[in-house]
Amino acid sequence: MSIHPFGPSTLRVTQLALLLAAGGMLIACSGEGGGGDQQFPPPEVNVAAPVQKSVTEWDEYSGRVEAIDSVEIRSRVGGYLQTVDFAEGSTVAKGDLLFTIDDREYRAAAASARADVARAASRLLLAKDELARSDKLIAAKAVSQGELEGRRGELKQAEADHLAARARLDQAELTLSFTRISAPIAGRVGAAMIKPGNLLAPDTSLLTTLVSLDPVYVGFDGDENAYLRYQGMIRRGEWESPREHSTTVEVGLSNDQGYPYKGEIVFIDNALNPATGTIRARALLANPKGVFTPGLFARVRLLGATRADALLIHEQALLTDQDRRYVYVIGEGNTAQRRDITLGPLVDGLRVVETGLTATEQVIVNGTRKIFFPGQPVTPVVVPMEQPNLSPAAPSPTAPTPTAPTPAAAAPAAAAPAASTPAEG
């Protein structure tokens, strides 16, 4: 007969111990006083009232620096490239020599044309002499009237031949001049695409590119809504049309802080692009120090409307729900309430709120991640709108004030010697 190592009495004791342990855990999890579920305090969030002030709105666009003049240098005549007469990537003046093509064939053609001119000039001189002689002989009736008319016809033919020879000479000399390729504008020249010794095809071979440097354009595209808004401002007399008046823009490059450069709008296209819903504009900027290089990305800022009582909030308070923007504000009973808003431009580091918010509401600017649903209780901590992450100041530590001992506290001290009396006995 086998005996279980744990008898019935032992099992009952173990079960009782487990029940007591579970009860202790329940008591520990209960609040002070022993009853009810534990309540966590509402999370702290930083709140701030919207900044209300008069602002001047700016519309910001992305653009590119463009050269006013951009030229592709090509050969107008065929032949072998003889020399490259510039340093690649350097600046050149208008008329500077860039390339030289082997011109021996064209020089020979020009010399032949020059000889034809001389031959035609000789015939012309002879025809003039013959006509003058016939004019004298006609009076003496030594030549007939028909011969005289023939001399006049020969003179006209000689004159025409001379003009044709002169034209062929001009063409030969012009073709010869095309063997020396010069810069048509001042600017910066690119790389030589073809090296000496290569055969060039007329009007086909690209030799290099040349772009002007000062001034430059900055091209940018405005959206349809901005275009309609500006048109409305022009009709109301709140803004002057850039087509008729000088309109200043501010420009900054990708590594600039702010918009340090100023330009003037010189072109607005006559139609919107239906594929993109934008309209093209260009601003003219001086570039005496060569800061702008064609192709650089540029940020463009255009002065918009002035609003007297605009509401502004920090961008850290903004939340996104698909295509809608919203914020949380403090509602009744210190609860987080959602407000859908419409945003305007960025002004002095704060975002303009077009609709959806009032000046008296407290906007949650820090701690939105602690909010899991609208109506959640929170503990608001007021901070400036410009400093949403500001921590509340901790109270300054103070030294404890000494207090006189109470009679109840003094009694045990006085009774201490009496307590030791039995030990002494």
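Computed from a prediction, not measured in an experiment: that's the story for all the values here. (Residues numbered from 1 in each chain as written. Predicted model: local features only at pLDDT ≥ 70, side-chain atom pairs only at ≥ 80, totals over all residues. Heavy atoms only, no water.)

Asker: Help me understand the side chain of aspartate 256 in this model?
Answerer: For aspartate 256, the position within the fold is in the loop between β12 (248-253) and β13 (261-268). For the buried aspartate 256, no salt bridge exists, and the shortest N-O distance to an oppositely charged side chain is 5.4 Å, to arginine 299. In this structure the side chain of aspartate 256 is engaged in a polar contact, spanning 2.8 Å, whose partner is the backbone nitrogen of leucine 253. Those residues within four positions of aspartate 256 in sequence are excluded, and the remaining contacts are Tyr261 and Arg299. (Helix = DSSP H or I, 4+ residues; strand = E, 2+ residues; numbered from the N terminus. Buried < 20%, exposed > 50% of the residue type's maximum accessible area, 1.4 Å probe, protein only. Lys, Arg positive; Asp, Glu negative; His and termini not counted. Salt bridge = Lys/Arg side-chain N within 4 Å of Asp/Glu carboxyl O. Polar contact = N/O pair within 3.5 Å; in protein donor to acceptor, adjacent residues only side chain to side chain. Contact = heavy atoms within 4.5 Å.)

Asker: For this particular structure, what's the right way to read the environment of alanine 172?
Answerer: Note that alanine 172 resides in helix α3 (residues 145-177). Spatially, the C-alpha atoms of alanine 172 and alanine 110 are 4.7 Å apart, while their sequence positions differ by 62 residues. The residues touching alanine 172, leaving out its near neighbours within four places in the chain, are Ala109, Ala110 and Ala113.

Asker: So what exactly am I meant to see when it comes to the pattern of salt bridges here?
Answerer: Where charged atoms of side chains with opposite charge meet at close range, the side chains can pair. According to the stated counting rule, one finds 17 salt bridges in the structure shown. With its nearest N and O atoms 2.8 Å apart, the salt bridge here joins glutamate 72 to arginine 74. Residue classification places glutamate 72 among the partly exposed positions, given a relative accessible area of 48%. We note a salt bridge from aspartate 340 to arginine 324, for which the minimum N-O separation is 3.9 Å. Highlighted residues: aspartate 340 in strand β18 (residues 336-347) and arginine 324 in strand β17 (residues 324-330), separated in sequence by 16 residues. Using a relative accessible area of 38% as the deciding quantity, one classes aspartate 340 as partly exposed. Look at arginine 324 and you get partly exposed, because its relative accessible area is 42%.

Asker: Even after reading the chapter, I still don't get the nonpolar core, so can you show me in this structure?
Answerer: It is characteristic of soluble globular proteins that their nonpolar side chains tend to be buried jointly. Counting residues in each nonpolar core, the largest one holds 27 residues, and the members touching the most others are Leu98, Phe99 and Leu207. At the level of secondary structure, the elements contributing two or more residues to this core comprise β6 (97-101), α2 (104-139), α3 and β10 (206-211). Tallying contributions element by element places α2 first for this core, with five residues. (Core = buried A, V, L, I, M, F, W, Y, C linked by side-chain atoms within 4.5 Å.)

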